[in-house]
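# Observations on the model geometry
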Amino acid sequence: LSKAVNTEFSRRQQQSSSKLGDGRPANLPFLKKSKSNKQDGNDDIWQLVHLLECEGSRASSSAKSIIAANTKPGKWKRRWILYSLLASAAGAISYYTIRNSRICGSDNLEKLIQN
């Protein structure tokens with residue numbers, strides 16, 4: 001999430017002198033002032049709210065894409081070395097068993113079991 005926020009708002013942080021956490025409020029988007037009419041003041045507020053909503057949704061979508069890209073891999077991908085070693089060991093044991101059994105004409109397996 002922090003990567004998304006840093007990526008999304010890096011231009012704004014470079015432009016503003018206020019850093020987050022220094023006790024000063026962050027710079028808000030600049031709005032052109034119009035006449036001192038009360039209706040125009042409300043329009044400015046709604047314009048500011050819309051700008052902040054757009055930036056928030058953009059940051060949210062960036063965070064979601066970063067989180068989706070960095071999800072934890074599945075069980076098979078995480079443990080592929082263990083599974084390949086177990087499969088190799090099972091193959092080697094099967095090969096030894098077949099080579100030393102009566103199927104291949106050897107009695108080494110029976111001698112091993114009797115001892």
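Residues numbered from 1 in each chain as written. Predicted model: local features only at pLDDT ≥ 70, side-chain atom pairs only at ≥ 80, totals over all residues. Heavy atoms only, no water.

## Comments concerning the overall build of the chain
The cut-off we apply is this: Secondary structure counts use DSSP, requiring at least four H or I residues in a row for a helix and at least two E residues in a row for a strand, with both numbered from the N terminus. Whether a residue is buried, partly exposed or exposed follows from its accessible area with a 1.4 Å probe, protein chains only, as a fraction of its type maximum: under 20%, in between, or over 50%, in that order. Here, two residues are considered to be in contact whenever any of their heavy atoms come within 4.5 Å of each other. All accessible-area figures derive from a Shrake-Rupley calculation using a 1.4 Å probe, and residue coverage is judged against the displayed protein chains alone.
Helix and strand counts for the chain come out as six helices and zero strands. Written out in order from the N terminus, the α and β elements of the chain read α-α-α-α-α-α. Out of the 115 residues belonging to the chain, those deemed buried represent 13%. A separation threshold of at least 6 residues defines the contact pool for the chain, and within that pool the share at least 24 residues apart is 27%. Here the chain has roughly 10000 Å² of accessible surface; of this, 59% comes from carbon and sulfur atoms.

## Observations regarding the pattern of salt bridges
Stated formally: Throughout this description, the term salt bridge denotes a Lys or Arg side-chain nitrogen within 4 Å of a carboxyl oxygen of Asp or Glu.
Considering all chains together, one arrives at two salt bridges under this definition. Here Arg102 and Glu110 are joined by a salt bridge, their closest N and O atoms 2.4 Å apart. Looking at Arg102, the relative accessible area reads 61%, which means it is exposed. In this structure, Lys111 engages Asp107 in a salt bridge whose closest nitrogen and oxygen atoms are separated by 3.9 Å. You can call Asp107 partly exposed: its relative accessible area is 34%.

## Thoughts on the packing of aromatic side chains
This is how it is decided: Only Phe, Tyr and Trp rings are paired, with Trp represented by its six-membered ring, and only when their centres lie within 6.5 Å; those with planes under 30 degrees apart are stacked, over 60 edge-to-face, the remainder tilted.
For the structure on display, the rule yields one aromatic pair. Between the aromatic rings of Trp76 and Tyr83, the centroid separation amounts to 4.7 Å while the plane-to-plane angle is 50°, which identifies the pairing as tilted.

## A closer look at a positive patch on the surface
Condition: Each patch is built from residues that are more than 30% exposed by relative accessible area and take part in no salt bridge. Like charges join if they lie within 9 Å; nonpolar side chains (Val, Leu, Ile, Met, Phe, Trp, Tyr) join within 5 Å. In this charge count, Lys and Arg are treated as positive and Asp and Glu as negative; neither His nor the chain ends contribute. A single reference atom marks each charge: NZ on Lys, CZ on Arg, CG on Asp, CD on Glu.
Residues Lys72, Lys75, Arg78 and Arg79 make up a contiguous surface patch of positive charge. Its place among the elements puts Lys72 in the loop between α3 (38-69) and α4 (75-78).

## Re a nonpolar patch on the surface
A cluster of nonpolar side chains, contributed by Ile45, Trp46 and Val49, occupies part of the molecular surface with about 340 Å² of accessible area. Structurally, the position occupied by Trp46 is in helix α3. Judged by relative accessible area, Trp46 falls into the exposed class, the value being 61%.

## Comments concerning the side chain of Asn100
Here Asn100 lies in the loop between α5 (80-99) and α6 (108-114). You can call Asn100 buried: its relative accessible area is 13%. Excluding residues that lie within four positions of it along the chain, Asn100 makes contacts with Ser106, Asp107, Asn108 and Leu109.

## Here we look at the confidence of the model for the chain
Let me state the cut-off plainly: Per residue, pLDDT captures the predictor's confidence, and it can take any value from 0 to 100.
In the predicted model, the chain carries a mean pLDDT of 77, and 64% of its residues have values of at least 70. When pLDDT is averaged over each helix and strand of the chain, the minimum, 52, is found for helix α2 (residues 10-15) and the maximum, 95, for α5. Low pLDDT, under 50, characterises residues 15-21; the predicted model gives this stretch nine contacts beyond four residues in sequence or across chains.

## Re the environment of Glu110
Mapped onto the elements of the fold, Glu110 is located in helix α6. Distance from Glu110 to Asn100, taken between C-alpha atoms, is 8.6 Å for residues ten residues apart in sequence.

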